[in-house]
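A structural walkthrough
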Amino acid sequence: MKSFEFYEPTTLAEASRLFAEEHAQLLAGGTDIIIGMKAYTETPETVISLQKIPGLAGITTDGDSISIGAMTKVREVELSGDIQQHHTALAEGASEIGSIQIRNLATIGGNIAHASPAADTVAGLLVADAQVDIASADGERSVPIDELFTGPGQTVLTPGEIITRFRLPKPASGSHYIKHKIREVMDLAFIGVAAAVNLDNGTITDARIGLAAVAPTPIRATAAEDLLKGNAPTPALLEQAGETAAAGCSPISDLRCSAEHRREMVDVLTRRTLQYALERARA
Amino acid sequence: MSEYTVVGQTVARVDAVEKVTGAAQYGADIHPPGMLYGKIVRSKHAHANIRSIDTSEAEKLPGVRAIITQDDVPSGRRVFATDKVLYLGEPLAAVAATDPDIAEEAAERIKIDYEVLPVVQDVIEAIKPSAPRLHGDDTKDGPNRREISGQIRTLSRDKENDHSDEISKLEAELEAYPDEVYYNISAESHTEAGDVEKGFAASDVVVEDTYVIPRVHQTYMEPHVSVASADSSGKVTVWASTQGPFAIRSGIAGTLGIPLTQINVIGTTMGGGFGGRFGVIITHVPAVLLSQKTGRPVRVQMTREEEFTDGRPAPGCVIKLKTGATNDGQILAREALAFWDSGSVSGASIGSTIRVRGVYKIPNLKVDAYGVHTNKSGTAAYRAPGAPQAIFAGESQLDEIAERIGMDPVKFRLMNMREEGDAVPAGGSEPKVGYKETLEAVADAAGWWNREADENQGWGVAVGDWTNGCGPGGVYVSVHEDGSVRIFHGSMDITGTDTAISQIIAEILTVPYESVTIRRGDTDSAPYSTGSGGSVVTFTMGNTAKLAAEDAHRRILELASERLNTNVDDLELKDGAVHIISAEQPKSISLGELAAYSLSTTGGPIVGKGSFARQASTPALAAQIAKVEVDPGTGRTRVLKLVASQDVGFAINPMAVEGQIEGGTVQGYAWAMMEEMQYGEGGNINPGFVDYRVPTSADLPTVESVIVEVPAPNGPYGAKGVGEPPITPTLATMANAVKDAIGIRITELPIKPEKVVDALKSNGR
């Protein structure tokens, strides 16, 4: 590991000021950055811990909406009764990250700010229509989660900007997340698919599909969503939605699997995820 | 009930407490005062000429104490690459510094000027004339060419007769085989019994297929590590994480030209070995060189990434296999042509290709095997080296035959299995082995005969054979005045072997297991011991321990006869005391009393010595059945049931034996379903546990193990080596179960989801 300056600011403003400098990195749970530093793939000159800043962690419910602090441990997201009930896909995604030990350290903010297209919480946040609150020394702003990412490891965050919380509006009536992987636990997503649906009298009134690891950024399968909205969920429609979602993604081939396989799995797993989400919506 | 009181019983391992509490000393726990940290400088290319190595910038770094290259190896034996590197991660130099980060930074500062060369990673590409050549002189003719050339040579040598016509005819024939010249060949092995062509001609069914098995890493938990300390007298001490301290001692002596007994190797507790922990040059030799140069102790420890790029994993291979059988289920012939991926040096276990013969009566057999150079690190042993690969091909193909002739796979195997006295193809005559008993046991335990399967579920069976090795070893046993027994020896504990040795000695000296303690010495103090690999330890050291205990037993009776004034023949050692057998005058004396008495006798203390080297081993069989369910949408396979039986001869510690059966089976499962070292132009591309997947406990149900005991004539209490056999059939077991589930034969491992989906698609599903 290369040597570095380490700071533990107690205010967001101070953290933001330090983070605006060049070659600075934030430390949240440390489960990505420390590994990168040990492998010399991350060589920050300044590391700024967010752990001493009050108010960044915790899940709060206000009526229909839920707010998740960026420093909330992934394990807490996974085990939160409110999230399990109203944003099942997000809880399921959180439960897929690493091991329990890792989930007890890793934060949801870190999982998102790392901007891996394969992040396990991202598809769940996409289908929850989450708003990402961002703070800097200059003030605050908020962006929809589907506008946060610009490429692998890249976001719209400008120097000094720090994610503070995720706000989840009124939930859909059923959601689900499926991760395609080889190993049962502690594997990275070959792809991840989340779906959230609202049903009214047997008609899909709203549908959201989030896809991970099938494009340079996590994406919504909007064309497939449009197909579903206003229609009854017949097997033929779900099949069409799967095909449409697959057609709309742009996966790569890598050592884990081929682009073709990823695309096929988007098709298969979009259908399945929708089925599970619909079952939950009916329940 | 067993006639024994300690052997055959499950007892706690002698090392249980130290392992559980963390007190066990592994290699990285060794930290002599003044220790420096070594770091190996490695090639960043998979194939390149080295124009120059410039260490000047690194030398300027404060804290750097030594930098060595091949120029610093006085014996000249190759430790570091000089003018050419053959794989990513090949050692070029080594650094010793006061701190690991400084060592690492110094390693980064060493400038190496490479001329990058074309790379070949695939064995089938490597044997082609167009392939980059790793070594200059490694072309070998194909088998037919070689045979014909051999005939020409023989005829040419006959000076007394004129063979010119025959020779020109043969030369013309030789021309007919231009494609069978193989390049980048490191070694070859050929075996033939009977006449395969006749066998295939007489067969009703002939199946031919090509099987591809990936290179896999042993993935022991503890990476390679050694700490070396050379003192001013030239004496070298090496704390080595190794399976064979004596082999390391002679390896270091040979490589560096140091007198054998100027080297003391202290084996540290092993964090797994599986055959991969015998390497001498990998960390031990650089540590010694760095210590000699600096005069301070030096630790060289590999990272996990280094383990993947410069470990010595199990070779992958491509096996073309052909089997012929009659419609009534008799196997008539089998022919194999195998190309083993040896990496940059020779050493792949190509001889194991013979294992395609299995445990069957195959009258006609032909096996040709080649080691092939590629731009990878060399290979080493991994749990039954070579057998899982060959048996995967053999047992996969047996199921295909069984299916074509409409015979149950278990019955088909049972009817072809060799029995005592049968000829082993190209290998003498079969001893008494529980082949059929073991297969029947697993079939019964798994419920094979009334098996049921829902859609996309399937059952697979396979068997694998392996014979434990045997080597030299010595053991001393002392009996102390408190009646306790101390064992002293030099073999590394692997898989609970110290526990087995202790049980054997407790049994013979009729003392409680708890009053026996065992201590391992270093190479300076302990009698020579063979390495702990090849399932040798319980067989070898068990026999050695028995001899030592029997020797002590003799001395005990001798002392008792003096003490009790009775003839030795009238005495019996029982429950830790010597008794007079004729009960008219019941009289006895305890071991402790005898040990105390011995101190003032002419004959001296009770010390038993055992020394043992060679005895014929007996093959062992592992038989396994899996039930799986394949998700046809995602191609993922879930194991619903996994049952493993094994003929262990005699289970000295049944729980330890079950542990071996479970562990080997899980490693075989992993090789079949997920493990694979992947290579690209630049070298290994998955050098870590993120993309080199080993299973977790969530991937498998509990492996149900079934112990079968058909004693080995020369094993201690009939025991055979148990460590290696259980990995041998699992690759095929899994492939056969997947075939049964979805009707598709996967011949290329691992059976990843993508492969299954693609196979289903190309079969129109």
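Residues numbered from 1 in each chain as written. Chains lettered and ligands numbered in written order. Predicted model: local features only at pLDDT ≥ 70, side-chain atom pairs only at ≥ 80, totals over all residues. Heavy atoms only, no water.

A count of helical and extended segments in chain B gives 19 helices and 28 strands. Overall, the C-alpha framework of chain B stretches about 90 × 75 × 70 Å when taken along its three principal axes. Counting across all 765 residues of chain B, residues that qualify as buried make up 61%. When contacts within chain B are restricted to residue pairs at least 6 apart in sequence, those whose partners lie at least 24 apart make up 80%. (Helix = DSSP H or I, 4+ residues; strand = E, 2+ residues; numbered from the N terminus. Buried < 20%, exposed > 50% of the residue type's maximum accessible area, 1.4 Å probe, protein only. Contact = heavy atoms within 4.5 Å.)

This part takes up the overall build of chain A. For chain A, the helix and strand inventory stands at 11 helices and 14 strands. What you see for chain A is a C-alpha radius of gyration of 19 Å, in line with the 19 Å of a compact globule of 283 residues. Dimensions along the principal axes, computed over C-alpha positions, put chain A at roughly 60 × 45 × 30 Å. Out of the 283 residues in chain A, the part that is buried amounts to 54%. Residue pairs in contact within chain A that sit at least 24 positions apart in sequence constitute 60% of those at least 6 positions apart. (Rg over C-alpha atoms; globule rule 2.2 N^0.38 Å.)

Another point: the pairing of strand 23 (residues 607-612) of chain B. All names here are of chain B. Of the two faces of strand 23, the one holding G608, G610 and F612 is buried and the one holding V607, K609 and S611 is not buried anywhere. Direction of pairing for strand 17 (residues 473-479) relative to strand 23: antiparallel, over a ladder of six bridges. Bridged to V477 within strand 23 is G608. (Pairing = 2+ DSSP bridges.)

Below, the discussion takes up the side chain of S16 of chain A. Residues and elements named next belong to chain A. Structurally, S16 can be placed in helix 1 (residues 12-19). According to the relative accessible area criterion, S16 is buried, its value standing at 2%. S16 has contacts with S136, A137, G160 and I162, leaving out every residue within four places of it along the chain.

Moving on: the environment of D54 of chain B. Residues and elements named next belong to chain B. Inspection of the secondary structure assignment puts D54 in strand 2 (residues 48-54). C-alpha of D54 to C-alpha of R109: the two residues are 55 residues apart in sequence and 8.8 Å apart in space. In this structure the side chain of D54 is engaged in a polar contact, spanning 2.6 Å, whose partner is the side chain of S56. (Polar contact = N/O pair within 3.5 Å; in protein donor to acceptor, adjacent residues only side chain to side chain.)

Structurally, chain A comprises domain 1 (5-49), domain 2 (59-168) and domain 3 (174-282). In this structure, domain 1 of chain A and domain 3 of chain A have C-alpha centres spaced 35 Å apart. (Domains from an automatic or database assignment.)

On the chain A side, the residues contacting the 26 residues of chain B number 23 residues. Among the residues of chain B in contact with chain A, R636, R693 and E754 of chain B are the three that bury the most area, contributing 28% of the side total. Linking chain B with chain A are six salt bridges, by the criterion used here. Of the charged contacts, one joins D691 of chain B and R256 of chain A as a salt bridge, the two residues approaching to 2.7 Å between their closest N and O atoms. Between the two partners, chain B and chain A, sit 11 residue pairs in polar contact (both at pLDDT 80 or more). Breaking the side of chain B that touches chain A down by element, the ones donating at least two residues are helix 3 (100-109) and helix 19 (753-762) of chain B. (Buried area = accessible area lost by both parts, 1.4 Å probe. Salt bridge = Lys/Arg side-chain N within 4 Å of Asp/Glu carboxyl O.)

A few words on the sheet that holds strand 7 (residues 139-144) of chain A. All names here are of chain A. An order of 4-5-10-6-7 is seen for the five strands of this open sheet, with the pairing classed as antiparallel. Bordering the open sheet on either side are strand 4 (59-62) and strand 7, each of which pairs with just one other strand. Here the strands of the sheet are splayed against their neighbours by 25° on average, with no regard to which way each runs. Contacts between helix 1 and the sheet are confined to strand 6 (131-136) and strand 10 (162-168), with strand 10 contributing the most and set at about 125° to the helix. (Axes fitted to C-alpha atoms, helices over the stretch in contact; angles between N-to-C directions.)

The next point concerns unusual backbone geometry. Residues and elements named next belong to chain B. The linkage connecting L749 with the following residue, P750, adopts the cis geometry, with an omega of -5°. Of note, P750 is situated in the loop between helix 18 (730-742) and helix 19. Of note, T219 is a non-glycine position whose phi angle comes to about 45°, a positive value. The topology assignment puts T219 in the loop between strand 8 (205-213) and strand 9 (225-230). Positive phi, normally seen in glycine, also occurs at A384, with a value near 60°. If you trace the backbone, A384 turns up in the loop between strand 15 (364-373) and helix 11 (387-405).

All names here are of chain B. Their axes nearest at 8 Å, the elements helix 11 and helix 18 cross at an angle of 30°. With respect to each other, helix 11 and helix 18 are oriented roughly parallel. The two elements helix 11 and helix 18 cross, and the hand of that crossing is right-handed. Only L731, A732, A735, N736 and K739 of helix 18 make contact with helix 11, whose side of the interface consists of P388, I391, F392, E395, S396, D399, E400 and E403. The class makeup of the residues in the contact of helix 11 with helix 18 is six nonpolar, two polar and five charged. (Parallel < 35°, antiparallel > 145°, perpendicular 65-115°, else oblique. Left-handed = near helix turned anticlockwise from the far one by under 90°. Nonpolar A, V, L, I, M, F, W, Y, C, P; charged D, E, K, R; others polar.)

Turning to the nonpolar core, a few remarks are in order. The biggest cluster of nonpolar side chains holds 67 residues, and the ones touching the most others in it are I213 and V628 of chain B. Per-element accounting of this core gives the leading share, eight residues, to helix 18 of chain B. (Core = buried A, V, L, I, M, F, W, Y, C linked by side-chain atoms within 4.5 Å.)

The next point concerns the pattern of salt bridges. Here the idea is simple: oppositely charged side chains can pair when their charged atoms come close. Per the counting criterion, the structure on display carries 59 salt bridges over all chains. Linked through salt bridges whose partners overlap, the residues forming this network are D129, D206, R208, R220 and E225 of chain A.

Once that is clear, we can look at the confidence of the model for chain B. In this model, chain B carries a mean pLDDT of 95, and residues with pLDDT of at least 70 account for 98%. Listed scores for the predicted complex are pTM 0.95 and ipTM 0.95. (pLDDT = per-residue confidence, 0-100.)

We now examine the pairing of strand 20 (residues 571-574) of chain B. All names here are of chain B. Here strand 20 shows one buried face, formed by L571 and L573, and one open face, formed by E572 and K574. Pairing analysis gives four bridges linking strand 20 to strand 21 (residues 577-580), with the strands arranged antiparallel. Bridge assignment links K574 to a residue of strand 21, and that residue is A577. Between the antiparallel neighbours strand 20 and strand 21 lie two residues, among them D575 with a positive phi of about 50°.

A few words now on the packing of aromatic side chains. Residues and elements named next belong to chain B. With the rule as written, the count across this model stands at 12 aromatic pairs over all chains. On the numbers, 4.9 Å between centres and 80° between planes, the contact of Y4 with Y717 is edge-to-face. Here the residue Y4 occupies a position in the segment before helix 1 (16-21), and Y717 occupies one in the loop between strand 28 (704-708) and helix 18, the gap between them amounting to 713 residues. With a relative accessible area of 23%, Y4 lands in the partly exposed category. (Phe/Tyr/Trp six-rings, centres within 6.5 Å; stacked < 30°, edge-to-face > 60°.)

Within the secondary structure layout, G421 of chain B lies in the loop between helix 12 (409-416) and helix 13 (435-446). Expressed as a C-alpha distance, the spacing of G421 of chain B and P431 of chain B, which sit 10 residues apart in the sequence, is 6.2 Å.

Below, the discussion takes up the domain arrangement of chain B. Residues and elements named next belong to chain B. Domain annotation of chain B identifies domain 1 (31-117 + 224-301), domain 2 (434-467 + 618-762) and domain 3 (470-612). Computed from C-alpha atoms alone, the centre-to-centre distance between domain 1 and domain 3 is 41 Å. Contacts between the two partners involve 17 residues from domain 1, matched on the other side by 15 residues from domain 3. In this assembly, domain 1 and domain 3 are joined by one salt bridge. Across the salt bridge formed by K235 and D524, the nearest N and O atoms sit 2.9 Å from each other.

On to the environment of R75 of chain A, then. All names here are of chain A. Considering the arrangement of structural elements, one finds R75 in helix 3 (residues 74-79). C-alpha separation for the pair R75 and Y276, spaced 201 residues apart in sequence, amounts to 23 Å. For R75, the contacting residues outside a window of four places in its chain are I100, R103 and N104. Polar contacts involving the side chain of R75 include one to the side chain of E78, which spans 3.0 Å.

Together, E147, E192, D195 and E197 of chain B make up a region of like negative charge exposed at the surface. Here E192 of chain B is to be found in strand 7 (residues 185-193). (Patch = residues over 30% accessible without salt bridge, like charges linked within 9 Å, V, L, I, M, F, W, Y side chains within 5 Å. Areas by Shrake-Rupley, 256 points an atom, 1.4 Å probe, with all protein chains shown as cover. Lys, Arg positive; Asp, Glu negative; His and termini not counted. Charge placed at Lys NZ, Arg CZ, Asp CG, Glu CD.)

Here we come to helix 14 (residues 497-508) of chain B. All names here are of chain B. Helix length check: helix 14 (12 residues) gives 17 Å between terminal C-alpha atoms against 16 Å at 1.5 Å per residue, within 8%. Here helix 14 lies mainly inside the structure; 12 of its 12 residues are buried. Within helix 14, burial applies to T497, D498, T499, A500, I501, S502, Q503, I504, I505, A506, E507 and I508. Each element contacted by the buried residues of helix 14 is listed here: strand 17, strand 18 (485-489), strand 19 (516-520), helix 15 (537-564) and strand 20. Where helix 14 ends, the next residue or the one after it, T510, has phi of about 55°, a positive value. (Expected span 1.5 Å × (residues − 1).)

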